Amino acid sequence: MKYVLTIVLALFTISGVLAQGITVSGTVYEAAQRGPLPGVNVVVKNTTIGTVTDFDGNFVLTNRQVGDVLVFSYLGYITTEVVVRDANPLNVTLQEDVNALDEVVVVGYGTSTKKEITGAVSVVGAETIEDLNPQRIEQALQGQVAGVQITSESGSPGSGSNIRIRGISTNGDNRPLILVDGNVIEDLSVINPGDIESINILKDATAGIYGVRAANGVILITTKTGKKNTDLKFSYDAYGGFQETSRKIPVLNATEYAIIVNEAFTAGGGVPPYPNLFGLGEGTDWQDEVFETAPIINHNLTVSGGGEKSTFSFGSSYLTQNGIVGGPKANFRRLTSRINFNSDLFKNFKLTANLLYTGTNRKTLPENALGSVLFNALNNAPTFSVKDDNGVFTLSEGLGNEVINPLAQIANTFNENDVHRLSGKIGGNYAFLDNFTLESSLQFNYAEVTGRFFSPTVFYGSGKVFNVDRNFVVDTKNIFRDYTWDTFINYNAEFWEDHSLTATLGMSLFQTTGQFGGSQGFDIPDNSFSNAFIEQSSDVINFNEQNNTVGKFDSRLLSYFTRLQYNIKGKYLLSGIIRRDGSTNFGPRNRFGYFPSGSVGWIVSEEGFLQDSKLFSFVKLRGSYGIVGNDRIGGNRFRSILNGEGAYVLGGQLLFGRAAGGISNPEIAWEEQKTLDIGADLRLFDSKVDITLDYFNKRTEDLLVSPPVSGILGAAAPGSGSPVVNAGTVENKGFEFVIGYGSDPTKDFSFGVNYNATFLENEVISVNNGVGFIPGGSFGVGQDPPARMENGKPLGYFFGLQTDGIFQNQAEVDAHATQANAAPGDLRFVDINGDGVIDNDDRTDIGNPIPDVTMGLNISLNYKDWDFTAYAFASIGNDIVRNYERNQPLVNRSVYTLNRWTGEGTTNEFPRVTTGATSNILFSDYFVEDGSFVRLQNAQIGYTLPRRIVDNVGIDQLRVYISGNNLFTLTEYRGYDPSASSGAPIGAGIDQGFYPVPRTYLLGVNLKF
């Protein structure tokens, strides 16, 4: 019996202990910074029992039971549940919820939540930028955002990119407005991508709140800052690696070259220059000589923290990158330093300040043009060696006036540019009368851009246009300043229980000025770059004095704006904007313009008939329409100024002085863009599937163009030019589709897939400049411009002759329309107008540089401490003009020349080779190729050391990774890079020998402590 009593007593004792519960404690961390997260709600599931993490992310809950489920929630992070197993401390990591509907998104002069946005806004977060490791911010946008197309001007270090949001809207400046922490930034090369917290892209009429500068869309960049009540945190990110060319164009080796040249000379009635082919072998591969493996290194340090009332963040970075062509002769270096400071100075007053310094040094080589290094590498004869027996660079004799030894060209090129830029902002936010806030800020940019170009005395060969008989140096110094003062009042009120109103009233003042200066001096001592300074030269020429110019500009904008945002029951949304912009680029009669826009939204999922839906987690329908102005033309085009050159006869002597410059037009007015957007945002299956749909139509009217005018009016005089008139309309319409899926099937494994596609149709509706079209671009030597802006066609379409195969025999030549110098083996052109003669009147539409569809695919996988990401991008339907081949008898050629016509029936695609006169060199669709491509933009695999290891050494995170950029490209285009473009509205897509975007391999580390 006593044993029974003992057992019963023991059971009661154990029950009492269990009933008393255990104490559960732990720390909550954020995944991105791996630092403690204060203010996290910790609640026992299905109860009201809970607590909040303290300054160090710690929490304690007493009297808990084994098996309790703790729910951890924090705004902007994915809610996480953890089961209590025992009394051991818990380490909980919260992942940022990039798709959270309550995530705050920066919009014009304010913020909103994703849920309540009524415009077409896309967001790119810091995590995506870190995965891509771009050298420039634009590279992080390609393939990430529907409706945004990025093309590279070149793959050389420090080169720029072209950003187009929903097509090409004008024949002028198509750049979007870019704001970094509210400050206008024109050149994104000055920003360190590692400093960026988020990028928001405004694509529709809601961008109209920013007025005239927002006609081509707005990109809002927010840099990293500290968080309140956090200790001092350090983040060090670094990577290093190497770059190589992603492609070489197959050209003829020495033996193949000699065979083709002999055949061409024979066909032209000449003597074959290579009677003995023995011993020629492979010869010199000039591309192998020019291309090299180039290093790239980047360091980035960020320090952040905050107290109860203030936060700060400091960042500094250094990037150095050599070129895959020229190595250190094409080096780019960038040093950035940034500081952000925010403080609640008083209960109702907040101060914001930031300062950014950027210093860059860029050395460049001739590229993307006739006579560039790659142009010469492709066209130089493989029978020449790099240097002769005496160690002197060989001369490219007999190859025409432009083709020279590319290694000699690199050695004799000295071109260096330095940029020192300081950007800053200081602003305050004052809250008063419960519902009002007054915000004012002053932003500024100051940049000094200096350049030094030295051209030594050099001889490249007989008659070469690049020969220099007298050395010279050119020094330039340009200074740019701009200031923006924004002041606005916000009124926020809630009434009738479920109605809310936000009203904004403000003004903006912008001024930009510039000062240009430069000089040229001759006879540098010792023909040496080390002595190449104006002070050591003779016969110095001042460019401003030579050109009768003052070398200055001053442009200003004055704007007033108001916006009303109305919200009913959290599901009916309305926003209206009107802005009055004034620009000094227009005369007094047209200086000011009024530009309204509006948007509506309906959160359908808040309606009763969808609240219990198992399919739809969130449904929002939205639409917007508005008008935005554009003033991006040169200054003083509405009035005549004395910046031209005049010749006068006084006292029997011919004297030169000033005269009126460009022809003025006092009636020029605002270019107007009318934008319609209808969209839907959907989330399905417990928000695991995210879908965004948009239809858009952008119509730009009253285009600012320069029409052809008679020389009698003086347009051809030195310093003069055609007037600017409002004379054209362009329309871009299309459809955007975005879908994403994310899931975490197990505790250790999660993945996400995102796909976006943009379908675009561009059409010129009218060009009212007197002739109905505007030409542009260049092809070959001495030929008419190959691109046009014309009614009923895409902007910048290719205009040339259309081919119909190859003449196979003389009978076909005789039966065809008259074609100059036609013979069997030549291209057969189509007689479009049927007049029996092939001439310029037979030119027609032969290609479109604008893609029909652009797509992006992003994949992310996470397994325990391993992570993998991959990003792909595609462009479909765009055409490219092949213009990197020089038409001279002895230049080298691409390998497809081996498939040339050699007799009847041999080919119907590639013409014969000959030194005789032929029409084969005329611009035609023979030179137009399909530029569609699919590219693996980036792939990265990383490993994060487990917390049990890093905690022991006192750090928050240590991650190492390997990454590859531009790993492969699938395309039928035969040039270096189908993604490159000059970016010109008329003349883009003409490949002069584009410097390819390099393939890059990186090894990197992310350290946080």
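Here, the structure is the one placed above.
Definitions and limits used
Residues numbered from 1 in each chain as written. Predicted model: local features only at pLDDT ≥ 70, side-chain atom pairs only at ≥ 80, totals over all residues. Heavy atoms only, no water. Helix = DSSP H or I, 4+ residues; strand = E, 2+ residues; numbered from the N terminus. Rg over C-alpha atoms; globule rule 2.2 N^0.38 Å. Buried < 20%, exposed > 50% of the residue type's maximum accessible area, 1.4 Å probe, protein only. Contact = heavy atoms within 4.5 Å. Areas by Shrake-Rupley, 256 points an atom, 1.4 Å probe, with all protein chains shown as cover. Lys, Arg positive; Asp, Glu negative; His and termini not counted. Charge placed at Lys NZ, Arg CZ, Asp CG, Glu CD. Salt bridge = Lys/Arg side-chain N within 4 Å of Asp/Glu carboxyl O. Pairing = 2+ DSSP bridges. Core = buried A, V, L, I, M, F, W, Y, C linked by side-chain atoms within 4.5 Å. Axes fitted to C-alpha atoms, helices over the stretch in contact; angles between N-to-C directions. Expected span 1.5 Å × (residues − 1). Polar contact = N/O pair within 3.5 Å; in protein donor to acceptor, adjacent residues only side chain to side chain. Phe/Tyr/Trp six-rings, centres within 6.5 Å; stacked < 30°, edge-to-face > 60°. Lys NZ or Arg CZ within 6 Å of the ring centre and 35° of its normal.

Caption draft 1: Region of the structure containing the overall build of the protein chain. Summing up its helical and strand segments, the protein chain has 9 helices and 52 strands in all. Over its C-alpha trace the protein chain gives a radius of gyration of 33 Å, about what one expects of a compact globule, namely 30 Å for 1009 residues. Principal-axis analysis of the C-alpha atoms gives the protein chain an extent of 125 × 70 × 65 Å. Here the protein chain, with 1009 residues, has 51% of them falling under the buried criterion. Pairs at least 24 apart in sequence give 70% of the contacts found in the protein chain among residues at least 6 apart. Accessible surface for the protein chain amounts to roughly 43900 Å². Of this, 57% is attributable to carbon and sulfur atoms. The protein chain carries 76 positive and 107 negative side-chain charges, and their two centres are separated by 6 Å.

Caption draft 2: Main features of the pattern of salt bridges. Per the stated rule, a full pass over the model turns up 40 salt bridges. Taking the shortest distance from any N to any O, the salt bridge between E667 and R589 comes out at 2.9 Å. You can see E667 sitting in the loop between β32 (653-659) and β33 (671-684) and its partner R589 sitting in the loop between β28 (572-583) and β29 (592-603), a full 78 residues away along the chain. Here R589 falls in the exposed class, since its relative accessible area comes to 61%. Salt-bridge contacts for D826 lead to R912; the nearest nitrogen and oxygen are separated by 2.8 Å. You can see D826 sitting in the loop between α8 (810-815) and β43 (827-829) and its partner R912 sitting in the loop between β47 (879-882) and β48 (928-930), a full 86 residues away along the chain. As far as the burial class goes, D826 and R912 line up, both buried. Here the salt bridges share partners, and the residues they tie into one network are R166, K203, K620, R622, D677, D681, D694 and E736.

Caption draft 3: How the structure looks around the pairing of strand β19 (residues 310-323). Across 11 bridges, strand β18 (residues 294-306) lies against β19 in antiparallel orientation. When the bridges of β19 are listed, V303 appears paired with F314. Here β18 folds back onto β19 in antiparallel fashion, the turn holding 3 residues. Direction of pairing for β19 relative to strand β20 (residues 327-346): antiparallel, over a ladder of 13 bridges.

Caption draft 4: Focus on unusual backbone geometry. You will see that D434, though not glycine, has its phi angle at about 65°, which is positive. With respect to the helices and strands, D434 occurs in the loop between β22 (414-432) and β23 (436-455). Note on D434: relative accessible area 82%, which makes it exposed.

Caption draft 5: Representation of the nonpolar core in the model. Core analysis: the largest hydrophobic core is formed by 33 residues, its most contacted members being M789, F798, V881 and F923. Listing elements by their share of this core, those giving two or more residues are β38 (749-767), β40 (787-790) and β43. Sort the elements by how many residues they give to this core and β38 lands first, with 3 residues. In this structure, M789 is in contact with N171, L703, V730, V764, V767, G772, F773, I774, L795, G796 and I986, ignoring residues within four places of it in sequence. Within the second largest apolar cluster, 24 residues are counted, among which are I137, A140, I165 and V180.

Caption draft 6: Examining the sheet that holds strand β5 (residues 69-73) more closely. If you walk across this open sheet you meet the 4 strands as β3-β2-β5-β6, and the pairing is antiparallel. Each of the sheet's edge strands pairs with one partner strand only, and the pair in question is β3 (50-52) and β6 (80-83). Each strand of the sheet is rotated relative to its neighbour by a mean of 20°, with strand direction disregarded. Summarising the sheet, strand β2 (residues 41-44) and β3 pair through 3 bridges and their orientation is antiparallel. Pairing of V42 across the sheet is with T51, part of β3.

Caption draft 7: How the structure looks around helix α3 (residues 254-267). Taking 1.5 Å of rise per residue, 14 residues should cover 20 Å, and α3 covers 20 Å from first to last C-alpha, within 8% of that figure. Considered for burial, the residues of α3 that qualify are A254, Y257, A258, I260, V261, N262, A264 and F265. Put simply, N253 is the residue that caps the front of α3, since its side-chain oxygen is 3.1 Å from the backbone nitrogen of T255. Positive phi appears at G269, one or two residues downstream of α3, with a value of about 85°.

Caption draft 8: A look at the side chain of S152. Counting through the fold element by element, S152 comes out in strand β11 (residues 148-152). The exposure class assigned to S152 is buried, which follows from its relative accessible area of 16%. With sequence-adjacent residues up to four places away left out, S152 is seen in contact with G160, S161, S979, A980, S981 and V997.

Caption draft 9: Spatial organisation of the environment of V837. With respect to the helices and strands, V837 occurs in the loop between β43 and β44 (844-847). A relative accessible area of 34% places V837 in the partly exposed class. With 666 residues separating them along the chain, V837 and N171 place their C-alpha atoms 33 Å apart. The residues touching V837, leaving out its near neighbours within four places in the chain, are A817, T818, D831 and D842.

Caption draft 10: A look at the side chain of N966. Residue placement: N966 occurs in strand β50 (residues 957-971). On the basis of relative accessible area, N966 is assigned to the buried category, the value being 4%. Polar contacts involving the side chain of N966 include one to the main-chain carbonyl oxygen of V997, which spans 2.8 Å. A polar contact of 3.3 Å, which involves the side chain of N966, links it to the backbone oxygen of P998. When sequence neighbours within four positions are dropped, the list of residues in contact with N966 reads S246, R935, L936, Q937, V997, P998 and R999.

Caption draft 11: Looking closely at the sheet that holds strand β16 (residues 218-223). With mixed pairing, 5 strands are arranged side by side in an open sheet as β10-β15-β16-β13-β14. Strands with a single pairing partner mark the edges of an open sheet, and in this sheet they are β10 (121-125) and β14 (183-184). By the bridge criterion, 5 bridges tie β10 to strand β15 (residues 196-202) in an arrangement that is antiparallel. By the bridge assignment for β15, V124 is matched with I199.

Caption draft 12: Highlighting the packing of aromatic side chains. On inspection of all chains with the given rule, the structure shows 34 aromatic pairs. Summarising the aromatic geometry, the rings of Y109 and F561 are spaced 4.4 Å apart at their centres and angled 20° between planes, so their arrangement reads as stacked. One end of the pair, Y109, is in the loop between β8 (104-107) and β9 (110-113); the other, F561, is in strand β27 (residues 552-568), with 452 residues separating them in the sequence. Side by side, Y109 and F561 carry an identical accessibility label, which is buried. With centroids separated by 5.9 Å and ring planes inclined at 70°, the aromatic side chains of Y257 and Y274 adopt a geometry described as edge-to-face. Here Y274 lies in the loop between α3 and α4 (286-290) and Y257 lies in helix α3, a separation of 17 residues in the sequence. With respect to class, Y257 is no different from Y274; both count as buried. Through successive ring pairs, a cluster of aromatic residues spans Y109, Y210, F488 and F561. Above the face of the F529 ring, R452 is positioned so that its terminal group lies 4.1 Å from the ring centre. Over the aromatic face of Y797 sits the side chain of K793, whose NZ or CZ is 5.9 Å from the ring centroid.

Caption draft 13: Examining the pairing of β32 more closely. The pairing of strand β31 (residues 644-650) with β32 spans 7 bridges and is classified as antiparallel. Counted as the bridge partner of V649 is L654 from β32.

Caption draft 14: Representation of the environment of T222 within the structure. By the secondary structure assignment, T222 is in strand β16. For T222, a relative accessible area of 23% corresponds to the partly exposed category. T222 sits 43 residues away from L179 along the chain, and the two C-alpha atoms are 8.4 Å apart.

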